[in-house]
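Residue-level structure breakdown
Take a look at the letters that make up each chain.
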Amino acid sequence: MADLPIPDLLILDCDGVLIDSEIISARMLVDELARLGVAIDLPYVARHFLGRSYPTVMATIRREFGLDLPPEFEARYRDRLLEAFERDLRIMPGVAAMLEALALPVCVATSSSPRRVEMSLRLVGLWDRLGQVTFTASQVARGKPAPDLFLFAAAQMGADPARCLVIEDSLTGIRAALAAGMRVWRFTGGSHMGPETPDEPDDARPERRFAAFADFYTLAPEFRRAS
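Attention here is on the structure that accompanies the text. Computed from a predicted structure; not experimentally measured.

1. As for helix α8 (residues 148-156)
Restricting attention to buried positions, one finds in α8 the residues Asp 148, Leu 149, Phe 150, Ala 153 and Ala 154. Buried-residue contacts for α8 involve β1 (9-12), β2 (106-110), β3 (134-136), β4 (164-168) and α9 (171-179). At the C-terminal side of α8, Gly 158 shows a positive phi close to 70°.

2. Some details on the packing of helix α1 (residues 22-34) against helix α4 (residues 73-88)
Describing two packed helices takes the angle between their axes plus the distance from one axis to the other. Two numbers describe how α1 lies on α4: the axes approach to 10 Å, and their chain directions differ by 140°. As far as their axial angle goes, α4 and α1 are oblique. For α1 against α4, the interelement crossing comes out right-handed. Residues Ile 24, Ser 25, Met 28, Leu 29, Glu 32 and Leu 33 of α1 form the contact with α4, whose own contacting residues are Phe 73, Arg 76, Tyr 77, Arg 80, Leu 81, Ala 84, Phe 85 and Asp 88. Here the residues of the contact of α1 with α4 are counted per class, giving 9 nonpolar, 1 polar and 4 charged.

3. Some remarks on the sheet that holds β3
In spatial order, the strands read β3-β2-β1-β4-β5-β6; together these 6 strands make up an open sheet with parallel pairing. Edge positions in the open sheet fall to β3 and β6 (208-210), since each of these has one partner strand only. Averaged over all pairs of adjacent strands, the angle between their axes in this sheet comes to 25°, without regard to strand direction. Summarising the sheet, β2 and β3 pair through 3 bridges and their orientation is parallel. The partner of Ala 109 across the bridge, within β3, is Phe 135.

4. Thoughts on the packing of aromatic side chains
Taken as a whole and assessed by the stated rule, the structure comprises 13 aromatic pairs. Geometrically, the ring pair formed by Trp 185 and Phe 216 is tilted, given 5.8 Å between the ring centres and 55° between the ring planes. Remark: Phe 216 occurs in helix α10 (residues 216-219) and Trp 185 occurs in strand β5 (residues 183-187); sequence separation between them is 31 residues. This pair shows no difference in class: Trp 185 is buried, exactly as Phe 216 is. Seen from their ring centres, Phe 213 and Phe 216 are 6.4 Å apart, and the 35° between their planes marks the pair as tilted. In terms of burial, Phe 213 and Phe 216 fall into one category: buried.

5. Points about the pattern of salt bridges
Evaluated as defined, the whole model comprises 17 salt bridges. Arg 122 serves as the salt-bridge partner of Glu 118, at 2.9 Å between the closest nitrogen and oxygen. On the criterion of helical spacing, the pair formed by Glu 118 and Arg 122 is a turn pair, its members being 4 residues apart in helix α6 (residues 114-123). A salt bridge links Arg 205 to Asp 202, with the nearest nitrogen and oxygen atoms 2.5 Å apart. Members of the salt-bridge network, linked through shared partners, are Glu 32, Arg 35, Arg 76 and Arg 80.

Criteria and thresholds
Residues numbered from 1 in each chain as written. Predicted model: local features only at pLDDT ≥ 70, side-chain atom pairs only at ≥ 80, totals over all residues. Heavy atoms only, no water. Buried < 20%, exposed > 50% of the residue type's maximum accessible area, 1.4 Å probe, protein only. Helix = DSSP H or I, 4+ residues; strand = E, 2+ residues; numbered from the N terminus. Contact = heavy atoms within 4.5 Å. Axes fitted to C-alpha atoms, helices over the stretch in contact; angles between N-to-C directions. Parallel < 35°, antiparallel > 145°, perpendicular 65-115°, else oblique. Left-handed = near helix turned anticlockwise from the far one by under 90°. Nonpolar A, V, L, I, M, F, W, Y, C, P; charged D, E, K, R; others polar. Pairing = 2+ DSSP bridges. Phe/Tyr/Trp six-rings, centres within 6.5 Å; stacked < 30°, edge-to-face > 60°. Salt bridge = Lys/Arg side-chain N within 4 Å of Asp/Glu carboxyl O.

Dropping the structure here:
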């Protein structure tokens, strides 16, 4: 396999890439909406909500179902979700070893809230490594699929967007990275996906896809720090 251009910056999504959280979040949202009489399933969540910020998800629910969410809904959902994370959240296999060997500057760009991403990364032992270079949708005007968050992360890290490589799991995130003029690989190894994930549509086509971080340096050995 030919060597790839070495990027100046690796930008990692969090949920579904660093941490195996998307299936937990999806199940919690399905359960909470069922309490209000709204019946959706996990495939619906994957199609419409994966990779999007909480305010965007709530706005979509209000619009699509004509639902006036009670004031306590958001706090209850977030609190129950974080409780579930404390019980069940796991780091994605191979992530820690990949980061340890990485020769590139790295940052995180996530649709999660600051509170949620900090708790998540602390739970899996990544906050000390990544906390100071973690950027959230709360810091930009428009969340994914707009390019704002990725462009903001690149600017904060002093990197040319054209020299950045993004690792994303969601079509929403892939579209955001492409809109930012960045290269993007798709990770399909989360519990909510898998190697049989269907091909991406033309407007969300990644440069590569991979299903295990153990394969990361097989795809790009030049990204590994010299031992």
